[in-house]
Amino acid sequence: MMNEEIIIAGFGGQGVLSMGKILAYSGMMQNLEVSWMPSYGPEMRGGTANVTVILSNERISSPILNLYDTAIVLNQQSLDKFERKVKPGGVLIYDTNGITKHPQRTDIKIFQVEAAAEAARINNLRVFNMIVLGAYLKLNNYLKIEHIVEGLEKSLPKRYHHTIQANADALKIGMDIVKPYTVLVS
Amino acid sequence: MGELKLMKGNEAIAEAAIRAGVDAYFGYPITPQSEIMEYLASEQPEKRTGMVLLQAESEVAAINMVYGAASTGKKAMTSSSSPGISLKMEGISYLAGAELPCLIVNVVRGGPGLGTIQPSQADYFQAVKGGGHGDYRLIVLAPASVQEMADFVGLGFDLAFKYRNPVMILSDGVIGQMMEKVEFGEQQPRRTKFDEPWMLTGKTPDRPHRIVTSLDLEAVQMEKHNLDLQAKYKTIRENEVRFEEIACDDADYIMVAYGSSARICQKTVKLARESGHKLGLLRPITLYPFPSERISQLADKVKGFLSVEMSSGQMVEDVMLAVNGKVKVGHYGRYGGVIHSPEQVLCGFEEFLSK
């Protein structure tokens, strides 16, 4: 049985919600059951934004979760909040940009993706979230790049379809630069 | 097989309204349901089906526009969230009194007062016990998925016209804001025949004039009208109860939960069974009429009921009435905009067990 419970969290404007949306569309393209539940409200303005995405081959029960298989976090506040919400044995992916207090847990698998730095390097900040999503793709085998591209075609308005290639390239960059992070136990 | 889309619950209501052949939507924006009107505006239903979309100057204006449109036999609807629904309450009482079919959507947020914009289920009393003045009832549907948000628009109008009664979809910020897969049926044509004797279609010489009103200064006449209404509500109670049972067959205890809480509780059932509790879930789909009879039957074979709602305990009163002292009844819920997690509900259940 496949059941993947994901939280994506960062600042409003980082593309957190759209990353979740593309993930949900990609799951739908493969006939999975999907749910996408955003945080909404005043906290989104300039503060943190997060979205819970569930992909499953069974009927999805609760769209609201307390613990996650995978947490993708893009700022310090989200790392502080969601590191402890990863199930033991689960996965934490984070961008090191702006992080001063790194993860501490040794019972989960932790990965870094320097997506903000890479997006700046290739001079295309708008594909930042796709680099992050690429990192997630690399670590999971139930979704392929083609599925995400299909998801992009479905979720992007037609006038943005010329950006799909750049997004697909960004996914590949993410797959290349994601690296495991080991917590040093002192 | 219809068209499969990924949509927010609010958007699904809007798309379903166009496809159900709704004639008019009157509304006023408020979080967390603004996507309903936003989606309608972007879809331009006046071009797709000729449906009227109008942003009124206030909630009070919108509900009275619904009254006007419904009087002519048109399929009219409005939507809002808690404080806005309170503003509509006078109009809703009038619609119930005048026996006009319409659909009202409440995507509930935390209260009381202006409250918060986060999800809540604290408008249960208002939806099922009145809210407006007088002895009236709404038919209240509680969707627990984006698919049901879509399906209940058509169902709501069917029931509204069948009984000439306002129908409310009682949703909340979770179901309104979340995206899931949703399948839509074919486009239904808008109504073209307005041949029922109550509909205002313009007086012709061959018939007397018609008046749609909730006013009758003759008390005896008004009592008769009330008796007719009560007879109608009884028919509704006998014929329109809808609910879903999950893992109730061998259950020792049953949670009663609707809408987003029912989704959360489905996970709690799984967690509880992993830790050895035989826990089931009864999900009322209609909150009025309430599945009292089924709960009463189940009360003969289980040890207790826990009502799980994002309120300080409202539906629990209807569960207690149905159980009528046969077994113990408790309530668990976070509220004021806080959503309980499946794990928190499990803790609540374990505490209920120990009492």
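Here the structure is a predicted model, which means the values were calculated and not measured. (Residues numbered from 1 in each chain as written. Chains lettered and ligands numbered in written order. Predicted model: local features only at pLDDT ≥ 70, side-chain atom pairs only at ≥ 80, totals over all residues. Heavy atoms only, no water.)

1. Let's talk about the pattern of salt bridges
Residue and element names in this part refer to chain B. The final tally for this structure, using the stated rule, is 28 salt bridges over all chains. In this structure, Glu99 and Lys232 form a salt bridge, with 2.9 Å as the shortest nitrogen-oxygen distance. One end of the pair, Glu99, is in the loop between α5 (82-97) and β5 (102-108); the other, Lys232, is in helix α9 (residues 219-239), with 133 residues separating them in the sequence. A relative accessible area of 11% means that Lys232 is categorised as buried. (Salt bridge = Lys/Arg side-chain N within 4 Å of Asp/Glu carboxyl O. Helix = DSSP H or I, 4+ residues; strand = E, 2+ residues; numbered from the N terminus. Buried < 20%, exposed > 50% of the residue type's maximum accessible area, 1.4 Å probe, protein only.)

2. A word on the sheet that holds strand β10 (residues 253-256) of chain B
Residue and element names in this part refer to chain B. In space, the five strands of this open sheet follow the order β9-β11-β10-β13-β14, with mixed pairing throughout. Only two strands of the sheet have a single neighbouring strand rather than two, namely β9 (243-246) and β14 (328-332). Taking each pair of neighbouring strands and ignoring which way they run, the sheet shows an average axis angle of 20°. Both strand β13 (residues 304-308) and β14 contribute to a ladder of five bridges, which runs parallel. Each bridged residue has a counterpart across the sheet, and for Phe305 the counterpart in β14 is Val329. Sitting on the sheet, helix α12 (residues 315-323) touches β10, β11 (279-284), β13 and β14, and the angle it makes with β14 is about 170°. (Pairing = 2+ DSSP bridges. Axes fitted to C-alpha atoms, helices over the stretch in contact; angles between N-to-C directions. Contact = heavy atoms within 4.5 Å.)

3. Observations concerning the domain arrangement of chain B
Residues and elements named next belong to chain B. On domain assignment, one finds that chain B holds domain 1 (3-184) and domain 2 (243-354). Between domain 1 and domain 2, the C-alpha centre-to-centre distance is 26 Å. Taken residue by residue, the interface counts 30 residues in domain 1 and 25 residues in domain 2. Roughly 2200 Å² is buried in total at the junction of domain 1 and domain 2, and carbon and sulfur atoms are behind 55% of that figure. When the area that domain 1 buries against domain 2 is broken down by residue, the three leading residues are Gln121, Tyr124 and Phe125, summing to 33%. Taken together, the connections running from domain 1 to domain 2 amount to three salt bridges. Its salt-bridge partner being Asp318, residue Lys129 comes within 2.5 Å of it at the nearest N-O pair. Applying the counting criterion to the domain 1 and domain 2 interface returns 15 residue pairs in polar contact (both at pLDDT 80 or more). Residues of the side of domain 1 that touches domain 2, tallied by class, amount to 17 nonpolar, seven polar and six charged. (Domains from an automatic or database assignment. Buried area = accessible area lost by both parts, 1.4 Å probe. Polar contact = N/O pair within 3.5 Å; in protein donor to acceptor, adjacent residues only side chain to side chain. Nonpolar A, V, L, I, M, F, W, Y, C, P; charged D, E, K, R; others polar.)

4. Quick look at the packing of helix α1 (residues 9-19) of chain B against helix α2 (residues 34-43) of chain B
All names here are of chain B. Close contact between α1 and α2 brings their axes to 7 Å; oriented N to C, the two are set at 45°. As far as their axial angle goes, α2 and α1 are oblique. Seen from above, α1 lies across α2 with right-handed handedness. Judged by residue contacts, Asn10, Glu11, Ile13, Ala14, Glu15 and Ile18 of α1 engage Glu35, Ile36, Tyr39, Leu40 and Glu43 from α2. Residue composition of the contact of α1 with α2, grouped by class: six nonpolar, one polar and four charged. (Parallel < 35°, antiparallel > 145°, perpendicular 65-115°, else oblique. Left-handed = near helix turned anticlockwise from the far one by under 90°.)

5. As for the side chain of Gln314 of chain B
Residues and elements named next belong to chain B. Looking at the element boundaries, Gln314 is found in the loop between β13 and α12. Gln314 gets classed as buried once you look at its relative accessible area, which sits at 9%. The contacts of Gln314, once residues within four sequence positions are left out, are Ala122, Asp123, Tyr124, Phe125 and Glu309.

6. Focus: the sheet that holds strand β2 (residues 24-27) of chain B
Residues and elements named next belong to chain B. Strand order in the open sheet formed by seven strands is β3-β2-β4-β5-β7-β6-β12, with mixed pairing between adjacent strands. Of all strands in the sheet, those bounded by a partner on one side alone are β3 (52-55) and β12 (286-288). With strand direction ignored, the average angle separating the axes of adjacent strands in the sheet is 20°. Pairing between strand β4 (residues 76-80) and β5: four bridges, direction parallel.

7. A few points about the packing of aromatic side chains
Geometrically, a pair of aromatic rings is defined through the distance of the ring centres and the angle of the planes. Here the structure, examined in full by the defined rule, presents six aromatic pairs over all chains. Here Tyr94 of chain A and Tyr181 of chain A contribute two aromatic rings whose centre-to-centre distance is 5.9 Å and whose plane-to-plane angle is 85°, an arrangement assigned as edge-to-face. Linking Tyr94 of chain A in strand β5 (residues 86-94) with Tyr181 of chain A in the segment after β7 (179-180), this pair joins segments that are 87 residues apart in sequence. Here Tyr253 of chain B and Phe352 of chain B contribute two aromatic rings whose centre-to-centre distance is 6.1 Å and whose plane-to-plane angle is 85°, an arrangement assigned as edge-to-face. (Phe/Tyr/Trp six-rings, centres within 6.5 Å; stacked < 30°, edge-to-face > 60°.)

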